[in-house]
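Given next are the chains, with one letter for each unit.
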Amino acid sequence: MGGRTIGTSYARWIATATEPSVLLFWLPLGAGGHVVRLNGLAFEAVDAAVHHRRRQPLFHAALEVRLEGHRHAIEQGPVWGTTDPDRGVACEGPVGSRWLGRSRLFRYEVRCWRDGVIPDVAEAVGGPRHLGTDRTRAAHLLDLVPDVPRATWGRDEQRAGEMWSSNSVVAWLLARSGHDVQGIAPPTGGRAPGWHAGLVVAARHDPEPTR
């Protein structure tokens, strides 16, 4: 399914959806951004060589929560990725190292953008994945966004067995809010570095009570 078709069906869903819902999108890493895409290609080339495997497409997860007539776009991205003052920044963290994170060029932000957008959502592969219509879980997921671990992107400070990334943030939010994460995987043939790390870190805590 191409990006144009996905964009059309997604726009139709926005116009007609009224019930609470949580949607997961798989975006090709660096969609719409040459720097991120090239860095992703370099990372995958090195990782594939180290582990003696073929290169695979990399994917970046993002969420959209629809609740009480509003859409909340949830995503991790570079602080310089968008300048909209109302983009709903919930927290920030360093990229690469704590020292580098002193510079704005090496910081990420986690956004929960009310009635905002997920950049390049039309390029999502496979379309949105519907994860549920439970109002309580959806609301709880939104409550948890400011509590996302501010771990260093690209490092394994959490001792989870792989790097922390945007995929870790999404996996952590879904697991902590009680959504079924079993069977969630990136599009066929692709990888989502950091997804497992989010699940591992989330599992270390007692299940959050739904509020």
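As a starting point, this report considers the structure included with it. (Residues numbered from 1 in each chain as written. Predicted model: local features only at pLDDT ≥ 70, side-chain atom pairs only at ≥ 80, totals over all residues. Heavy atoms only, no water.)

1. Some points on the overall build of the protein
Per the secondary structure count, the protein includes 5 helices and 6 strands. From first element to last, N terminus to C terminus, the protein shows the α and β order α-β-α-β-β-β-β-β-α-α-α. Looking at the protein residue by residue over its 211 residues, the buried ones come to 45%. Expressed as a percentage of contacts within the protein between residues at least 6 apart in sequence, the contacts between residues at least 24 apart total 78%. (Helix = DSSP H or I, 4+ residues; strand = E, 2+ residues; numbered from the N terminus. Buried < 20%, exposed > 50% of the residue type's maximum accessible area, 1.4 Å probe, protein only. Contact = heavy atoms within 4.5 Å.)

2. Quick notes on helix 5 (residues 195–203)
Those residues of helix 5 not exposed but buried are Trp 195, Ala 197, Gly 198, Val 201 and Ala 202. Down the axis of helix 5, the sector holding all buried residues measures 165 degrees, keeping them to one side. On its buried face, helix 5 sits against strand 1 (21–28), strand 2 (59–67) and helix 4 (166–176). (Arc of directions from axis to C-beta.)

3. Section: the nonpolar core
In this structure, Leu 63, Ile 74, Leu 173, Leu 174 and Trp 195 are the most contacted members of the largest nonpolar core, which totals 37 residues. Sorting the residues of this core by element identifies strand 1, strand 2, strand 5 (107–114), helix 3 (135–144), helix 4 and helix 5 as the ones contributing at least two each. Counting residues per element, this core draws most heavily on helix 4, which supplies 6 residues. If you look at the next biggest cluster of nonpolar residues, it comprises 9 residues, including Leu 23, Ala 62, Ala 73 and Ile 118. (Core = buried A, V, L, I, M, F, W, Y, C linked by side-chain atoms within 4.5 Å.)

4. Some words on the sheet that holds strand 2
An order of 4-5-3-2-1-6 is seen for the 6 strands of this open sheet, with the pairing classed as antiparallel. A strand with exactly one partner marks an edge of an open sheet, and here the two such strands are strand 4 (89–94) and strand 6 (129–132). When strand polarity is set aside, the average angle formed by the axes of neighbouring strands in this sheet is 20 degrees. The pairing of strand 1 with strand 2 spans 8 bridges and is antiparallel. For Val 22, the partnering residue across the bridge sits in strand 2 and is Val 65. (Pairing = 2+ DSSP bridges. Axes fitted to C-alpha atoms, helices over the stretch in contact; angles between N-to-C directions.)

5. Side note on the environment of Asp 86
Assignment of secondary structure puts Asp 86 in the loop between strand 3 (70–78) and strand 4. For Asp 86, a relative accessible area of 58% gives the class exposed. In this structure the C-alpha to C-alpha distance between Asp 86 and Asp 115, which are 29 residues apart in sequence, comes to 9.8 Å.

6. What to know about unusual backbone geometry
For Glu 68, which is not glycine, the phi dihedral falls at a positive 55 degrees. On the secondary structure map, Glu 68 appears in the loop between strand 2 and strand 3. For Glu 68, a relative accessible area of 57% gives the class exposed. Despite not being glycine, Asp 120 shows a phi value in the positive range, around 60 degrees. Given a relative accessible area of 31%, Asp 120 falls into the partly exposed group.

7. What about the side chain of Glu 75?
Note that Glu 75 resides in strand 3. Relative accessible area serves as the criterion here: at 9%, Glu 75 is assigned to the buried category. Here His 60 takes part through its side chain, which lies 2.7 Å from a polar atom of the side chain of Glu 75. Once residues lying within four places of it in the same chain are set aside, the contact partners of Glu 75 are Leu 27, His 60, Ala 62, Glu 109, Val 110, Arg 111, Ile 118 and Pro 119. (Polar contact = N/O pair within 3.5 Å; in protein donor to acceptor, adjacent residues only side chain to side chain.)

8. Points about the pairing of strand 3
With 7 of 9 residues buried, strand 3 lies mostly within the body of the structure. With 5 bridges joining them, strand 2 and strand 3 adopt antiparallel strand pairing. Looking at the pairing, Arg 66 lines up with Arg 71 of strand 3. The turn linking strand 2 back onto strand 3 is made up of 2 residues, and Glu 68 within it adopts a positive phi angle of 55 degrees. Alignment of strand 3 against strand 5, held across 7 bridges, turns out to be antiparallel. Among the inter-strand pairings, Gln 76 is bridged to a residue of strand 5, identified as Val 110.

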